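Structural features, examined
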Amino acid sequence: MKRRSFGVAAIICGAGISHAQVGAFSATSTFIRSLQEKNIVSRGDVPNPMQPKTLGSDTTELDKAVPEPQDEDKSFKLIHAKRSNQSGDDVAMSGGTEFMYKGYHVFADAVEGNLATSIFTVQGDVKIIGKQSLITGERISIDFNKRIYHATNSRQVLSPELLKGPFLKDLYSHGRESYGSANEQQTLFGGITSCDLLRPHYEIDADNIIVRPGKRAIFRKARLRLFGRTIIKIPYLSIPLDTRSYKNLPVIGQSPQEGYYIKFRYGVPLRGDNDVYARLDYMEKLGLGIGADYLYRSKVVDGVLQVYTIAGPGKMLKVTDEHHQMFKWGTLALRTNYENNNYLTAPGSIVESTQALLTFPQHGNAMTRLTLNQSGNSNDGYSTSNQSISLADSRRFGTKIQTSVNVDYQKNGTTYQGGSGPISQSTENMNLKVDATDDLTRATANLTYQRAIPIGSTRAVFGSNDQTPVVSLATDARRLIGGKIAENWPFQSTLSLGEFSDQLGGGHISRDFFDFSLAKPDRSTGRLHSDINAEFKQGIYSDGTAQYVLNYGQTESYRMGPDTAFNFRYNYLRPYGYTPLSLDRSGETNLATADLSYRPIRSVVIGAQSGYDILRLKQGDEPWQPVGVRMEFQPKPYFLLRAQSTYDTFQGAWSNVRVDLSYKPGATFLSVGAYYDGIRHLWSNVNIFLDALKIGRTKIGAILNYNGFTQQFDSQQYSLTYDLHCAEAVFTMTAQQTGFNPGNTYQFFIRLKAFPFDSLFGAGSRGQPLGTGTGFGY
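**A closer look at the overall build of the protein**
When helices and strands are counted, the protein shows 5 helices and 43 strands. Residue burial in the protein is summarised as follows: out of 778 residues, 39% are buried. Within the protein, contacts between residues at least 6 apart in sequence are counted, and of these 44% link residues at least 24 apart. Of the roughly 41400 Å² that the protein leaves accessible, carbon and sulfur atoms contribute 55%.

Dropping the structure here:
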């Protein structure tokens, strides 16, 4: 069934208030005096944000982190003051005061402080300059040692790094009074915006703004102001500073599953670092939807509990929880999900899952993890269940011995309705793997025991991965010889004895095994390079069989100039004898390949590659591999044209031609990918991507995917973005003709440039990215 939907939403995002004015500047007296004369602080770039520091217990009123010092010199230096007085460690200055202390450059009308405690109170057009940072206010109390302060009537620029959130631009704020701690900061009667004008286009004001860096910003008695006028009053607004996606305003739209709908989300204030978001939806086809998201966090607990139900004709219940908790003995991570009749993903079914991870760090280099996973899916005539419990323990004894133990229990079951009634099938097994390694200096000894153990009535099917046990000794040239010989002949060798599963016979096979390999790259700087790799493997088995394998590869490269080279490669692989173990079986290769790259002029590169299969020649088949020809044309840095064609030697025809074009003269980007099917003689795929074509204040984008076999567009996407200075008006249209959930979708958003934004443009119906690729091999 085709889908046609339309959605309208306004994305209004806020951020928290910090308490420092941050700007990019040259720290000279001339520049600082110009700031004083203007009596304002310019809103510029913020290359280095302030970093909050841990607070002391004896500075309850000096509780906001100061930016990094500007200078390494920590001594007190008075640069200018009309009046100054010092009695012991106490200092007092007034009248255009300017001084350096603890690496900070300070300007104020009046100063009182103590050099022993490093606590100062500065008043009157205060500016405290740190490393590429600036704090301003009418009155600031500051502890230079602990780098915390309290400010009144301040203006600030907040960088994305400072807020630790998913922001793209600086935010600007002001407040009558600012105070707090490194973990929580407050501003009374202030506001925030991402508009860098002195009279911003929009602003979010509030009586009380609480910021928890990296978590969220909370606005109490908030007001959204556009062009100086209050548009919306919100008693409580919580804005995330993490990577979660929230919707704070109503969304109106239409979809085939829901019909016409309107969806509300409303924040409910709680004490501490907790929040509740109530959800109320009405959907034409499904009825009334009610839910809540509970976000909780403390020093040892962090989680999100979500509950949503539809009470109308489309009855549905969904409960999910993500819970993280720290204990004295370790940590717990728990994720649960229950869905009953989810109309979007599993209509008519009950889906449930539980995932838990217990971590037990121990003294020394030891770690134990317990993992539990359970999932199930059931409907009227069919149900499945999967359970697994895993225990993993890793330890180190001294500096040379390491052990690893993994135990995995799995149970899978299926029940379905047969002709005579319900039929159930289940499998149950235990997987065990033990590894122990000892560094013997000249070699490394390893013991491995791995076994899949069937439980109950489960049919015993031995896998070739069973090792019961295997003891090996591995070494290399660096350990045995060292010096220049090891550098010139970097070989590796392994000797092992062990018992494995015989997949065909159902029993066990003992194996004596020797492996010797050499990889010798050519690191010379000449035009001719020769790389060699070789390997010899020998296995002797308890059933009287034996096998050895020869593997050899060589690459010869001759470089004639920039982007001009000839490469020849030869690969040989052949087993001799027989092995009863599938892990020792190998194919056979006897293949030579070559490729040539040549640049006749600066803007053009051409190349060709092919191969000759000696095995196919012995079988009486065509030995020549497909011939590939490629060309690259780049007359200017902003224009690139690539073409590649393949001649199929087996069918005796040019099977395909691939063409790629990219054009980027400035902000606009155009990309075209086309694929010509030489066997069917048609353009099977033509894909076009256009981005940031600007006409006035409007940017245009488009993605078109044309299918030559059906002679129609599989997907069409268009985007129109109108620049509103600090915001954008975005309209997108998506037309999906094939695949999952086809139909047309329209979206209109007013978004703020400072915040990330996701829309349907650039993604397929399953969320996959769309571009100019044309399928397999390209």
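**Quick notes on the packing of aromatic side chains**
With the rule as written, the count across this model stands at 21 aromatic pairs. On the numbers, 6.0 Å between centres and 35° between planes, the contact of F536 with Y548 is tilted. With a gap of 12 residues between them, F536 in strand β30 (residues 528–541) and Y548 in strand β31 (residues 546–561) connect regions that are remote in the sequence. Accessibility expressed as a relative area gives 28% for F536, which makes it partly exposed. Residue Y548 is classed as partly exposed on the basis of its relative accessible area, which comes to 31%. Each residue in the set F76, F99, Y101, Y104, F120 and F144 is aromatic and connected to the rest through ring pairs, giving one cluster.

**Details of the pattern of salt bridges**
Per the counting criterion, the structure on display carries 18 salt bridges. R225 is paired through a salt bridge with D205; the nearest N and O atoms lie 3.5 Å apart. You can see R225 sitting in strand β12 (residues 216–226) and its partner D205 sitting in strand β11 (residues 202–212), a full 20 residues away along the chain. For D205, a relative accessible area of 13% corresponds to the buried category. Linking R680 and D677 is a salt bridge whose minimum nitrogen-to-oxygen distance equals 2.8 Å.

**Concerning the environment of K411**
For K411, the position within the fold is in strand β24 (residues 401–418). Sequence-wise, K411 and S388 are 23 residues apart; in three dimensions their C-alpha atoms are separated by 6.4 Å. Residues in contact with K411, not counting those within four places in the same chain, are S385, N386, Q387, T427 and E428.

**Concerning the environment of R279**
By secondary structure assignment, the location of R279 is in strand β16 (residues 275–283). Remark: the alpha-carbon pair of R279 and R265, spanning 14 residues in sequence, is separated by 4.7 Å. With residues near it in sequence (within four places) discarded, R279 still touches F264, R265, G289, I290, G291, D293 and Y308.

**Examining a nonpolar patch on the surface**
Taken together, the side chains of L528, Y558, M560, F566, F568, L596, Y598 and I606 present a nonpolar region at the surface, about 710 Å² in accessible area. Looking at the element boundaries, L596 is found in strand β33 (residues 589–601). Judged by its relative accessible area of 38%, L596 is partly exposed.

**With respect to the nonpolar core**
By size, the foremost hydrophobic cluster in this structure holds 19 residues, and its most contacted members are I192, I204, F219 and A222. Contributing elements (two or more residues each) for this core: β11, β12 and β13 (229–240). In terms of residue count, β11 provides more of this core than any other element does, 5 residues in total.

**Here's the deal with the side chain of D281**
Inspection of the secondary structure assignment puts D281 in strand β16. The charged side chain of D281 is buried without a salt bridge, its nearest counter-charge being R279 at 4.0 Å. Polar contacts involving the side chain of D281 include one to the side chain of Y308, which spans 2.7 Å. Once residues within four sequence positions are removed from consideration, D281 is found in contact with I262, K263, F264, G287, L288, G289 and Y308.

**Some points on the pairing of strand β25 (residues 421–439)**
In the sheet, β24 pairs with β25 via 18 bridges, with the strands oriented antiparallel. Looking across to β25, one finds that T414 is bridged to Q425. Sheet analysis places β25 next to strand β26 (residues 444–454), joined by 11 bridges and oriented antiparallel. Across the sheet, residue A436 finds its bridge partner in β26, namely L447.

**Topic: the environment of I606**
Assignment of secondary structure puts I606 in strand β34 (residues 604–613). For the pair formed by I606 and R642, sequence separation is 36 residues and the distance between their alpha carbons is 9.8 Å. Setting aside chain neighbours within four positions, we find I606 in contact with L596, S597, Y598, P600, R630 and M631.

Cut-offs and rules
- Residues numbered from 1 in each chain as written.
- Predicted model: local features only at pLDDT ≥ 70, side-chain atom pairs only at ≥ 80, totals over all residues.
- Heavy atoms only, no water.
- Helix = DSSP H or I, 4+ residues; strand = E, 2+ residues; numbered from the N terminus.
- Buried < 20%, exposed > 50% of the residue type's maximum accessible area, 1.4 Å probe, protein only.
- Contact = heavy atoms within 4.5 Å.
- Areas by Shrake-Rupley, 256 points an atom, 1.4 Å probe, with all protein chains shown as cover.
- Phe/Tyr/Trp six-rings, centres within 6.5 Å; stacked < 30°, edge-to-face > 60°.
- Salt bridge = Lys/Arg side-chain N within 4 Å of Asp/Glu carboxyl O.
- Patch = residues over 30% accessible without salt bridge, like charges linked within 9 Å, V, L, I, M, F, W, Y side chains within 5 Å.
- Core = buried A, V, L, I, M, F, W, Y, C linked by side-chain atoms within 4.5 Å.
- Lys, Arg positive; Asp, Glu negative; His and termini not counted.
- Polar contact = N/O pair within 3.5 Å; in protein donor to acceptor, adjacent residues only side chain to side chain.
- Pairing = 2+ DSSP bridges.

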